[in-house]
Structure formats: C-alpha cells, structure tokens
Amino acid sequence: MTARVEKTKGVNSMFQVFLTGNNSDHFTISPTAVQGRADIRMRVDVPLDYENIQRYSFSLYANESMSEHVGFARIYIDLINENDNRPIFLKSLYNISLPENTPRGTSLLRIQAIDGDFGTFGTVRYYFSDEPEQFSLDPETGWVHLWGNLDYELMRRFTLTVLARDGGGEETTGRLWVNVLDVNDNTPLFQKEAYMGSLRENEQAAQQVARVRATDEDSPPNNFLTYTITSVSAFRGYFRITMVEGYAVISVNSPLDYEMVPEGMIYLTVMAKDGGNPSLNSSVSVTVELFDENDNPPKFSKPSYLVKIPENIIAGATVVFVNATDLDASREFGQASLIYSLQGSSQFRLNTRSGEITTTALLDRELKSEYILIVRAVDGGVGPLQKTGIATVNITILDINDNSPMWRDEPYHANVVEMSPIDTDVISVLAIDPDVGDNGTVVYSISPENPFYTINSSTGKIRTSGAVLDRERSNPKDILLMRTIIVSAVDLGRPPLRSSVSTTVYVNLLDLNDNDPIFLNLPFVAEVPEGLPSGSSVFKIQVEDPDQEENGMVTMGLLVGMPRVDFYLNTTTGVLYSTATLDREQISLYHLRIVAYDQGQNPRTSTSTLTITVLDANDETPTFFPKVYNVSLQESVARDHVVARLNCSDNDAGLNAELSYFITGGNQDGKFSVGFRDGVVRTVVGLDRETQATYSLVIEAIDNGPAGSRRTGTATVFVEVLDVNDNRPIFLQNSYETSILENVPIGSSILQVQATDSDQGENGRVLYRILSGNSKGLFRINELSGLVMRGQRALDRESSSSHVLEVEAYNSDQGRMRSSVRVIVYVEDANDEAPVFTQQQYNRLGLRETAGIGTSVIVVRATDPDTGDGGAVAYALDSGSDRKFDVDVSTGLVTTVDYLDYETKTSYLMNVSATDQAPPFHRGFCMVYVTLLNELDEAVAFFSAGYEVSLLENIATGTEVVQVQAQSADNLNQLSYRFDPDTSPAALALFKIDSITGRITVTGLLDREKGDLYTLTVVADDGGPKKDSTVVSITIQDENDNSPEFDITSDSLVEIPENTPIGKRVAVVLGRDKDAGKNGLVYFRLVAGNMQDVFEIRTVNHTYGEIYVNSPLDRESVDRYLLKVRHLGQIL
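These notes cover the structure that comes with them.

What counts, and at which threshold
- Residues numbered from 1 in each chain as written.
- Predicted model: local features only at pLDDT ≥ 70, side-chain atom pairs only at ≥ 80, totals over all residues.
- Heavy atoms only, no water.
- Pairing = 2+ DSSP bridges.
- Helix = DSSP H or I, 4+ residues; strand = E, 2+ residues; numbered from the N terminus.
- Axes fitted to C-alpha atoms, helices over the stretch in contact; angles between N-to-C directions.
- Core = buried A, V, L, I, M, F, W, Y, C linked by side-chain atoms within 4.5 Å.
- Buried < 20%, exposed > 50% of the residue type's maximum accessible area, 1.4 Å probe, protein only.
- Contact = heavy atoms within 4.5 Å.
- Patch = residues over 30% accessible without salt bridge, like charges linked within 9 Å, V, L, I, M, F, W, Y side chains within 5 Å.
- Areas by Shrake-Rupley, 256 points an atom, 1.4 Å probe, with all protein chains shown as cover.
- Salt bridge = Lys/Arg side-chain N within 4 Å of Asp/Glu carboxyl O.
- Lys, Arg positive; Asp, Glu negative; His and termini not counted.
- Charge placed at Lys NZ, Arg CZ, Asp CG, Glu CD.
- Polar contact = N/O pair within 3.5 Å; in protein donor to acceptor, adjacent residues only side chain to side chain.

Looking now at the sheet that holds strand S54 (residues 628-634). Here four strands make up an open sheet; going across it, the order is S54-S61-S60-S57 and the pairing mixed. What marks the edges here is a single partner per strand, and that holds for S54 and strand S57 (659-665). Taken pair by pair, the neighbouring strands of this sheet meet at an average axis angle of 30°, ignoring direction. Of the strand pairs in this sheet, S54 and strand S61 (residues 712-722) are connected by seven bridges, and their pairing is parallel. Bridging across to S61, Val631 finds its partner in Val719.

Direction of pairing for strand S48 (residues 554-562) relative to strand S51 (residues 589-598): antiparallel, over a ladder of eight bridges. The partner of Met556 across the bridge, within S51, is Ala596. Of the pairings in the sheet, the one linking S51 to strand S52 (residues 605-615) comprises nine bridges and is antiparallel in character. Looking at S52, one finds that Ile594 is bridged to Ser608.

Residues Val212, Tyr227, Phe239, Ile266 and Val286 are the most contacted members of the largest nonpolar core, which totals 27 residues. Among the secondary structure elements, those contributing two or more residues to this core are strand S18 (194-200), strand S19 (207-212), strand S21 (226-232), strand S23 (247-252), strand S24 (265-273) and strand S25 (281-291). Here Val212 is in contact with Phe190, Tyr195, Tyr227, Tyr247, Ala248, Ile250, Val270 and Val286, once residues within four sequence places are set aside. With 26 residues, the next largest nonpolar core counts Tyr947, Val962, Val964 and Ile993 among its residues.

Together, Glu828, Asp829, Asp832 and Glu833 make up a region of like negative charge exposed at the surface. On the secondary structure map, Glu833 appears in the loop between strand S70 (818-828) and strand S71 (836-837). A relative accessible area of 36% means that Glu833 is categorised as partly exposed.

Within the secondary structure, Arg769 is located in strand S66 (residues 767-772). For Arg769, a relative accessible area of 25% corresponds to the partly exposed category. Note: C-alpha distance between Arg769 and Leu784 (15 residues apart in sequence) is 9.3 Å. Aside from chain neighbours lying at most four places away, what touches Arg769 is Ile781, Glu806, Val807, Glu808, Tyr810, Gln814 and Arg818. A polar side-chain atom of Arg769 sits 2.7 Å from a polar atom in the side chain of Glu808.

Turning next to unusual backbone geometry. Keep in mind that most residues, glycine aside, have a negative phi and that most peptide bonds are trans. Here the bond from Asn277 into Pro278 is cis, since omega is 0°, no more than 30 degrees from zero. Relative to the assigned elements, Pro278 resides in the loop between S24 and S25. Here the residue pair Leu522 and Pro523 is connected by a cis peptide bond, since its omega of 0° sits within 30 degrees of zero. With respect to the helices and strands, Pro523 occurs in the loop between strand S44 (518-519) and strand S45 (524-529). With a phi close to 65°, Asp409 is a non-glycine residue in the positive phi region. In this structure, Asp409 sits in the loop between strand S35 (406-408) and strand S36 (412-417). In this model, His1102 sits at a positive phi of 55°, which is unusual for a non-glycine residue. Following the sequence through the fold, His1102 ends up in the loop between strand S92 (1095-1100) and strand S93 (1104-1109).

Spelled out as structure tokens, the structure:
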C-alpha cells in the first residue's frame, strides 16, 4: 500500500518514517528518510497467515530529524482467507491387523486428517482412491468398515490409498495397511490323489518307498504339517516316515518277503495333520508294489520217480506226470513260470508246461530194459538269477515173449581127432533169446538123431557118443553123420517159439602126427650191411612137414644167438628181422640156432644154424680228443712254428677211417695252417699282438667214406698271442703350450702331458721325465701321470716370460722304446689392486616420480691401477634398487629401469660395486642415495567398480541411497564427486549426489511402474589427469500399489448349448496387474451368480481366468447366468 507524507521546505523538512505497533514487523516501508514530501510504500515482509492473524492494526510515525515534531497515522489491514493448507493425516501410515474370519460390518479404525484453513476450506472429507470391494470408508467421520469377506490365502495384506480432500479441493493421500491374520480354515491338501511306490524283496539296505507331500494354504504355525501312517495292509511296523527337503519320505529298513504279500501289493494310508488348534487333517492312499526276487528254487514232488511199463506200450502213451513247485509267488518267478525239460533219451518226450512224460516210439526191452531220465524245472529267472530243480525218472521195461531163439557164432566148425574116446568134447552151440525168464530159456536137441554124438539140452555142449570115428571109413552115410551134426532150439515161453532154422555143426576129423619138419635152406651164411634199421628183414628160413593140418603146420623159433640176440624170428613165416640197429664196430658176426616144430598133439621138431656177417658202413664220425686246445704264443715266434698237434680218431674201417684236416674258421688273415694228414697246426707268417691278440681256429677232420656219406668232426684251437715290448710311447699332441700367473703357489698344476703305448702290461706302462729346459728347477713332473707342476723356486715374469721344456715318455725297462715332446710355459702378470670409487656416497635428490624408463640419474666412477683386465672395471648394483634402477656395467651411469611411484616408496639407498676383470677379481663399493618428488600421477580409484542398490518405490525424498567412495594415493587435493553428464535425465531428476561426501539421495517420487532400473555414472576427480568413474545401479522394488484390471478382450457375453459337456471351457477373462513378481500375480474367483456351482473358474498363468462347465446345464430350469468374476492380487 502507499501513504503520502510531506513537510515544509528547508532544513526542517528532513524527517524519518517508521512503523510501530503489534505485528508491525510483518511489513516494511520505503523510503524511511524523507525531505519535503514523499510517497511511502509499504510491503509484506513475512508470509501472512489468515489462520494465525485475520486483522492487523499498527501506527505509521514521521519524526523530524532536527526537532521533536512527530506525525502519526493509523493503519488497519484485513486479511482475506485462502485455501492455502492441505489436509494433513494424523499418521503417515495407518496399520491394522484382523483375523480373516472377522464378520462383515465390523468397524476397523478411524482415519483422521486436519486442515489449518477456516470455514469450508478446513472441512475434510475422506475417500478411497480405488473402491475396494472388502472395505467402506465414511467420508465424513473417516471410519473404515469391513464390507466383504476376508481370505488370508487369497490376500494377506490390503494396501489402500486414502484421499483427504478439503472444501477447496486440495487433496492429500495417506496409506492404510490392512493385514489379514490367518485362521486355520484350510485342510492339508496332498499334491496327488494317490501315490505309487515300489520295493524289492529281500533288500537288506534301507529302501525308499515313496515321497509324499501335502500343502496347507494357512500360515505358520497352522500350516506346519506332521505325517503319520494310519494303516498298512502288510508288514505293519516295517514302514517309517522321515522328512527330507519338505517331503515325507516313506521307507523300510528290513527285508520284506514277497510270498507273504497277496499279489505283491501293500496298501498304506498316510495322514497329514496341520498345526492348528483344533487341527485339520487329510489322508492319501499309497500303493506299494513289492517286486519278487527269485529266492526259491523249483522243487519236484519226488527226488526220483520209479515207473514200470510193458515193452509193447504204444507210441505217445503216458508214462508218468512229474510235478515241481516254486514257493515264489509272482508269475515271473513262481509256479506259472516253470518250464520242464528232459535229458537222457529220445524215446521219451516231456511236456514243458504240464510235466507229462510220453513215449515217442515203440520200445524194445531186448534193446534196452531200463531208462534213467533227468528232468529239470527252471523258473523265470534270467542268467545267474535263474533257479533249477532236478529229479530222476527210472523207467523199467517189462518183458513179453516176442523173440525166437537166434543162433550165435554160426557157422559151427569142430575138429575131432579120429579115434577119439567117448564124451570127448566136440563143440558148444549157442542160441540166444533176448527175452527174460522162461521166455528166454532155450532147450537144444539133435534132429535127426546122430549115433556118433550127444548134446546137453541146457548147455548145448556136444560130445562123442563112443561110436568109433574113423577118418578113413568108406561108408558115405557114416562119413556124412561123422562130419555133420544138425541141432534145433526152442524157448519155454507160452506159447513156445522155435528158432526159424536149425543149425549145422561141421566136424573136421583130424589126422595123427607122424612126420618131422625139414629145413630147406639151412645151414647158411648171410651178409648184412651195418646200420640196417631195427625191424628190417634179414633172411627168410624155409621149412616143410608132409603131415596134414596141424600135424603139417610148422612153427619156428630162435633158440639162442651168439654173442647176443639182436634178431626176431616170425614163427609162422620164417622171416628173420633185426631188433636193433646193427653196428659192425660193436659186433661183426652172429651165430643163430633155429628150431622148427609142427602143431601135432605130440609135436615133432628139427634144429639148424644160421651165420650172419655184418658188413662195414661209414657210420662213425671223426672224434677229436680233446675237442678244445688252448695255446699261448709270443708274438715274436718264427714262421712254421708248431702251434698244436691234434688227436682225432674214426672207429670205421678202411677208407671210412682215413681222415683229412682243414681250418674252416678263425683264420681270415691266413696266419695259421694245418697238416692235411697229420693234423699239426703251424704258423704261416709272424704274429702281432697289437693287431690281434687272440685267435679261435675251427679245425675239421673229414673221413674218406663214399661221396655223399662222409662224416666230419670239429675241434677248436684257442691261440693267445703274448705281448713283446715292440711299440714306443706316443704323445697325444705334437707340442704343449699354456700360460700361468707368476704368483701361482708351489705345486700348482700347470698342464698334463699324456702318451699311450700299444703294448700290454708292464710293456705298455708309460713313465715321464723332463729332459731339458728346467735347469733352475722351476718345474717338476709326476713320473706316472705326466702332470707338470710349479717347482720350489718362484716364477718371475720380469726375468723370463716363457720357458721351453723337453719331456720324455719311456717304459720301465729303460729300453730304446721312448719319445719326447716340447712344452712351452708362458708366465703372465698377477692382479693385486682393488678398484676405488671417487666418492663414498653419491646423492640425487628430488628425482621426479614420473620420470620415464631410461632416465639418467647419476654417474659413479671407480679406478684400478692394474693393467689389462686387472685394471678394467665393471659396475653392478648389488642391493637397494628394488629393480627400479640399474647401472651401466662399463660407464657407471645409473638409470631407471621401471616406473617410480612416490606413494610406494619415497627414497632409495643403493649399494654399487666395481669389480676388476682378472682373478682374484678385487671389488670396491659406494652408496647411491636417491629421493623422489611427489606429483599428481596416481589414478583416482573407487573402492568398488560398481554399486547395486534396491529401493522400494514410493520411498520418501531425502532418503540416502548409497555412499560412493574413492581415493587417490597422491592425497594432494580434496576429491569431488559428480554425476557424469551422459547420465539419463530421468535418473538425474530423481537423485542427487553430495560433491564432498559422495552420498546419493532421493529427490523425486520413485514409481516402479514408470521405471524399475536407473543407472547413475559417478565421476571422482582430484584435479589430476586420472579421474575414475563407477556405476550405481538402482533397482526399484515393487510395492503392491496397483489393483488388477480386466482387459477389454475378456468375454462378457457368451451363448452355450444346454448339452455342453462337463469340463468344456465356455469363456475366458483376462486380467492384468501393473505390479511385478508376486504382487503382479492375478487370481480369479466367481463371487456371484454361480448358482449350484454350475461353473468353475481356473486361473491360468496368473493372467487368464478360464470358465468351465462344472455340472449339467438345463435351459428349462435356468436359461441365463450372470456371473460376477473378481480378480485378486497376490495371495500370500
């Protein structure tokens, strides 16, 4: 506002203006000093608040500067009310918990907000941002009431947004959490309607039967489940339940017997009981199939079956039934699996299933009267698990009279000496009847009768009757009866069977013996070559006897042989065979005595002599004695020297024993010869041991037997050539040269000469001595090794820088076999001074830490007064460089060889050595001290390459997200933090960072549905060239702050026929929830219109609600259903 004040002109026109009174300080005026007249402007200095002060009343004064005159004005200001206050909830979050069975209409809590405005601007009304179906809100009082039913399993918490709106339209949002508490109203539900399991019979180890699991949609402890086995059909007490990873694992610890379980099935009932009070439970059936083990072998009803059958039984007739039982109860291994098999005869067959044994052909007791069969029963096992039962079947074949007697050994011939007395045995006839008993008993008779012979009716033996048998009788009838006997045979069976034909015995009347055997070609002298193999035919003796038959049949024998019997005589043919290989050298003449005798009853004999001469054959091998000769010869023996006289013999005769000698091996250079006839070995030329020290001569002796059969003997002559001193020592080098220092100590080795001598033993041992050049005794030599050493007197390079020695090699016999060689020894100067540095310590201060590799640091220098290599100096860094520095071996220049870092190490104290280049390599030392200058060369580095943070959406502004931290090893400047300019604007609008502390805080409202991930790139800078950056990834976690919404594509009207089958899908609704994870899962429920549960709805993928027909439809009863579908958010 503006007020005008004025005063007359002049000095007295100056005055001051000011405000005074209650709350006048809420305003300011200008100007405050006035001369004459001015407009005074009054402004508001602090915010005005109608709710605190509605009216201002204060005074405006004008006071002269030079006098006490004062002007005064009263000012009144009325404020106009505005809606400048939002409603403020008494609590930022209202939270209430109530059981899920809380009755509808219950008052839950009162929400209150206050508004500082007056009048209608300060009147607050309450609303839900979304109209929840379960709750109602009184807009005036703020009371929240339960409007619908609660279900903990469908929704565990309701997050409601409450609006407080004043009379001017200003709104404030608040949060109401309604936590639903669980009530034990859900029965445990098994995951399957029934469970199956399996076990193996006889299993010793613990077996798992089945894993069952039930779920209870209640919350702890109501959903804590315990499992018990309430019933078992078999083996009660064998089963137990243990909990493994949330599953009730049913197992057994003892072996089970399949045969004690009907059909191999065990039925259990398992009950799951929750932890509520009172508790709820449900049961499920568990069917356990017990797999049979093949643990019982088949067993026959008898170990042996005894059966008798007649031999005329027909083919295919039943003989016997065998039966085996198997105690295994399963079809796989038990009785139903048995298979029979038969072993023993193809005359019988066995039915593999029934066990019936039948004949396969007609039987004949006479061919085989008894059969022993082996029957086996095998069960259904496979391989080594198969089991077998075994029994025997003994079948006896009963006889019937079905065979006639049959003659054996026909035709019958008998020899009877004429004039034989009564009861002289003639012959026995035999008829065989295969039947047994009377059926097989045979009776013999002579038919027609014969006066010369009788027969035993039981045995069939025929004897003379006593009538005279005269071979020379002339009556033809008597001659026929004497020479032929006709016999018939019949059995005693009923009816009896007679042999089909009679048999005839032909009798040969023998003559009497009355003549001696006669030799036709003895006595005789036979010649036989030696070497004839054993079993060879030598001579055939011929003899005859004028008698007939046996009386004229001659047998020969070998009675005696001189000097021994080496022959065998065939007594029938008279052929003489050798029984050994004939060797003339052992026996050259045999005398054999031969006997011949006939075969008469009283044999007659004759004897004679056979002489056998053995002719020589070349069958003997020349034999040396001894076979090995060992000879030693001096290598200096003359030509034609006798080496050895060989002894060789041949047991053959004549030319077969005449020998010739040859050298066939070991004489390649022709040093030796052998006498062709006398076998004397001689030298042909001189020998040289150094060329060849031993010889192994192979000598062969060959007899002069027939071409193609000559024999050879072999001997070996070992010749050792003995050494003679005939070689001089030879040095390995034509001359020897070496250099030594003048200060080498007494006895120091200088060099070694070496000579070799090809001779052997003492002749080849080499000795050494100095012949000349050692007049002052400066050197000496080892007589045996040839090692030249320094003598007693010292060497002096200035007096003589070289020495020439003549060294001789000789043998111990001091003979003429010797040689010499020249040895030159050069004397060199000795190194006896050490290098000395020009300074004991070299300093380089303030070396920049950023100095590159190869930077020159300092030069060190040392001198050595020696000459040559003894005065040449080589530099080395011995210690303290930490591999950061090195020194040039020749110049002493110290340079950097690695990057330096002040932050790692600020100074170095190094030890440098200088070594001369000749033994004994003297050394000198100095120190090099280097300090570093710190620079901004270190990179800034964050403690972490990246940060990951999770925040709930709707979190309050100013909340700290994370603190990033970096460091620099230089530590020269303060670090500062900032966001990289390339960071997304959306992230920059929601977050800020403190440039000093690195703390990142929230500056805007986080809404996961607008953005669930923000990436901030933070840069840390210390003013140097090496900045660093890190990435902060902020994940916005979901809150359940969105309600599900139906999609417009959902079915709203469908028509279906009344005969639609149960289980057919008839409609689909689609629901979406913008929240994520479990908060975004949508479930569907039919909440109204589903009379008699005709329909059911199934949630698919937490997105679709598929409506199916649940029971038969009847249009005539109900032709229209108005189904109300509710979509629900997360079910905890």
